[in-house]
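Inside the fold
Below, each chain spelled out in residue letters.
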Amino acid sequence: MATATAWNCVSRRSSVSKNGVAISSSRREAKATATLRVAKTQIAVHEGLRVVCNARVIRANGIQNMKSRKFIVCGLGMKLIFVASEVGPWSKTGGLGDVLGGLPPAMAANGHRVMTIAPRYDQYKDAWDTEVEIELKAGDKTEKVRFFHCYKRGVDRVFVDHPMFLEKVWGKTASKVYGPVAGIDYQDNQIRFSLLCQAALEAPRVLNLNSSEYFSGPYGEDVVFICNDWHTALLPCYLKSMYQPRGLYTSAKVAFCIHNIAYQGRFAFADFNLLNLPDEFKSSFDFIDGYEKPVKGRKINWMKAGILESDKILTVSPYYAKELVSGPDKGVELDNILRKTSILGIVNGMDVQEWSPMTDKFTSVKFDSSTVMSAKPLIKEALQAEVGLPVDKSIPVVGFIGRLEEQKGSDILAAAIPEFIGENVQIIVLGTGKKAMEKQLDELEIQYPLKARGVAKFNVKLAHMIIAGADFIIVPSRFEPCGLIQLQAMPYGCVPIVASTGGLVDTVKEGYTGFQMGAFNVECETVDPVDVTAIATTVKRALAVYGTPAFSEMIQNCMAQELSWKKPAKKWEEVLLNLGVEGSEPGIEGEEIAPLAKENVATP
Ligand SMILES: Nc1ncnc2c1ncn2[C@@H]1O[C@H](COP(=O)(O)OP(=O)(O)O[C@H]2O[C@H](CO)[C@@H](O)[C@H](O)[C@H]2O)[C@@H](O)[C@H]1O
């Protein structure tokens, strides 16, 4: 090890950065010097100084016993608090849960201190009671909430415990998160998510978290809150009304990420009083719309307030960012607000630990790009047997996985199936959601017993089997902010056939990694015959390529994509750093440490 220069940093909070390693002094006296080797960078420090590094300390030179010498080794980076109504795998109804599952560990791997906060909908096996209880005002009552915690993949997973979450959803984490049945909200959702936002603002100050090797104690106030979708839109408002006027969180900032603008949190205007916000916030919520539910006309709109009161607005793909400002149909009447604030799109990554053909726990045959052509037919046969279709590896299989709502276009697909089912093809549709659409799935099997199956369940194992065994995945969305299904499919050599919208445009290249069907009509009440034809003709076009060298090439192109959270996490870092929160430093090019180790795998 080469000798390192001893830096003379003895004043309070002086700091030096070198290749992503930062040292700051929090004590005045420097008694001895020592050399720490941190990842690939060698730095010199004084004993008694706070050593802040963004990576695992590999070796310490000149220090007999690091622990006894009270070197505090921790990451500097940023302190990030992700807030959401779902966090996978503990709670997940769709892609939001996936993002909260995958992006935070990627940020932590890059040296940032990262917490997620979500409701405790169930008795999660691995989350312990911190015994920290706080009182919050919700509506006209005072409510006690408690924090539960576990530490996984470098992330503090914090769960907010209150009967409003646990009693409603107990034992059913994949459903009932938002309402008793799909499409119906719980009456008290505003109170529930007000509690979540307030609890998220308290957590960094009141929780003394010490599970990490590198960080300890409360997160403090120099944090960035990353709010996700309408359920978290009150957070920037409470920050400004309850904390900053009291001199708290003065440097904290809020980034607000839109995963789906179709859900905005529109409620009766009089409900503003439930939120316990000063009147000057009313204008940010004020919204006129023509829809009748819950009342016609003037309403409050949570997402509008989230957009106006946050410091940075993001969404989950660049193309969706463009669509959102393009007009009222795609911006769902918030396009004018977004044009004012501006919005940045970063394509989601996906969890490459969960979605890897080499390690997939739901498939009996593992494969990579060199063995895909021999492995896939075997998995396809297992899939056909599982759903009760004729077992024949020579028949191309098309899969669909998604929430059954107008967004996902399962109704357009149902209308298109008769137009291509005469081909040599089988189709398997997996999804849950609106009852009428679930019924359409049940009818598939009756109409085409040898060719089609519809499974109206939330079934993770079957989702993995479809992606591993099917030749194509179809994503006929009317709109799709990013879309994770096509990302999950590509590493398995399952070729996407997608509508040309949102992240599907950014992630699937026509003729190279898949097939584009063109943009669909976003009117949800009608099934446009033009879109039905677009599905049928594109599926036929894809079937014509099946089994040719061009198709094998497409499979290889799909499998060669880098789709992990690594690159998106770096982009997120750049944006969040630019918010200029005090003490924020860049991270490093880190790797997750043993993400599949037993203690890192969540057991909800
Ligand atoms: N029946 C079923 N059984 C098992 N698993 C099922 C399932 N139905 C869906 N899934 C899983 O749920 C996830 C859905 O991901 P999407 O991106 O399509 O979700 P969604 O529209 O909810 O998310 C929103 O947020 C995400 C995240 O930002 C955006 O990608 C997206 O465009 C936006 O609409 C995938 O992991 C999929 O495998």
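Details of the structure are given in the entry above.
To start, this report covers the structure provided alongside it. These figures come from a predicted structure and were not determined experimentally. Every residue gets a number counted from 1 within its own chain, in the order that chain's sequence is written. In keeping with the model being predicted, local features are shown solely for residues with a pLDDT of at least 70 and side-chain atom pairs are shown and tallied solely at 80 or more, while totals for entire chains, interfaces and linings include all residues. Processing note: side-chain calculations cover all non-hydrogen atoms of the structure and skip hydrogens and water entirely.

Describing the sheet that holds strand 18 (residues 312-315)
In plain terms, the rule: Two strands form a pair only when DSSP identifies at least two bridges running between them. In this description a helix means any DSSP run of H or I spanning at least four residues, a strand means any run of E spanning at least two, and both kinds are numbered starting from the N terminus. Here, two residues are considered to be in contact whenever any of their heavy atoms come within 4.5 Å of each other. Here an axis means a line fitted to C-alpha atoms, over the contact stretch when the element is a helix, while the angle between two N-to-C directions is reported on a 0 to 180 degree scale.
Spatial strand order, 10-11-12-9-8-13-14-18-19: nine strands in an open sheet with mixed pairing. At either end of the open sheet lies a strand with only one pairing partner, and these are strand 10 (128-138) and strand 19 (344-345). When strand 14 (residues 253-258) meets strand 18, the two strands line up parallel, connected through four bridges. Opposite Phe256, over in strand 18, you have Ile313 as the bridge partner. Against the sheet, helix 1 (residues 95-109) engages strand 8 (79-83), strand 9 (113-119), strand 12 (155-161) and strand 13 (224-228), with an angle of about 140° to strand 12.

With respect to the sheet that holds strand 20 (residues 397-401)
Ordered by their spatial adjacency, six strands build an open sheet running 22-21-20-23-24-25, and the pairing between neighbours is parallel. Edge positions in the open sheet fall to strand 22 (452-455) and strand 25 (515-516), since each of these has one partner strand only. Of the strand pairs in this sheet, strand 21 (residues 426-430) and strand 22 are connected by four bridges, and their pairing is parallel. Bridge pairing in strand 22 links Ile428 to Arg453. This element, helix 16 (residues 549-559), spans strand 23 (472-475), strand 24 (495-498) and strand 25 of the sheet and lies at about 95° to strand 24.

A word on the packing of helix 9 (residues 372-387) against helix 12 (residues 460-469)
The line we're drawing: In this scheme, roughly parallel covers angles under 35 degrees and roughly antiparallel covers those over 145, while 65 to 115 is roughly perpendicular and the rest are oblique. Helix crossings fall into two classes, left-handed where the near helix is turned counterclockwise from the far one by less than a right angle and right-handed where it is turned clockwise.
Contact geometry for helix 9 and helix 12: axes closest at 8 Å, N-to-C directions at 140°. In terms of their interaxial angle, helix 9 and helix 12 are classed as oblique. Read as a crossing pair, helix 9 and helix 12 show a hand that is left-handed. For the pair helix 9 and helix 12, the contacting residues are Lys376, Ile379, Lys380, Ala382, Leu383, Glu386 and Val387 in the first and Lys461, Leu462, Met465, Ile466, Ile467, Ala468 and Gly469 in the second.

So, unusual backbone geometry
In this structure, the amide linkage connecting Gly88 to the following residue, Pro89, adopts the cis form with an omega of 0°. With respect to the helices and strands, Pro89 occurs in the loop between strand 8 and helix 1. Phi is positive for Val332, close to 45°, though the residue is something other than glycine. Residue placement: Val332 occurs in the loop between helix 7 (318-324) and helix 8 (335-341).

Fair warning: the whole summary comes from geometry, so function is off the table for now.
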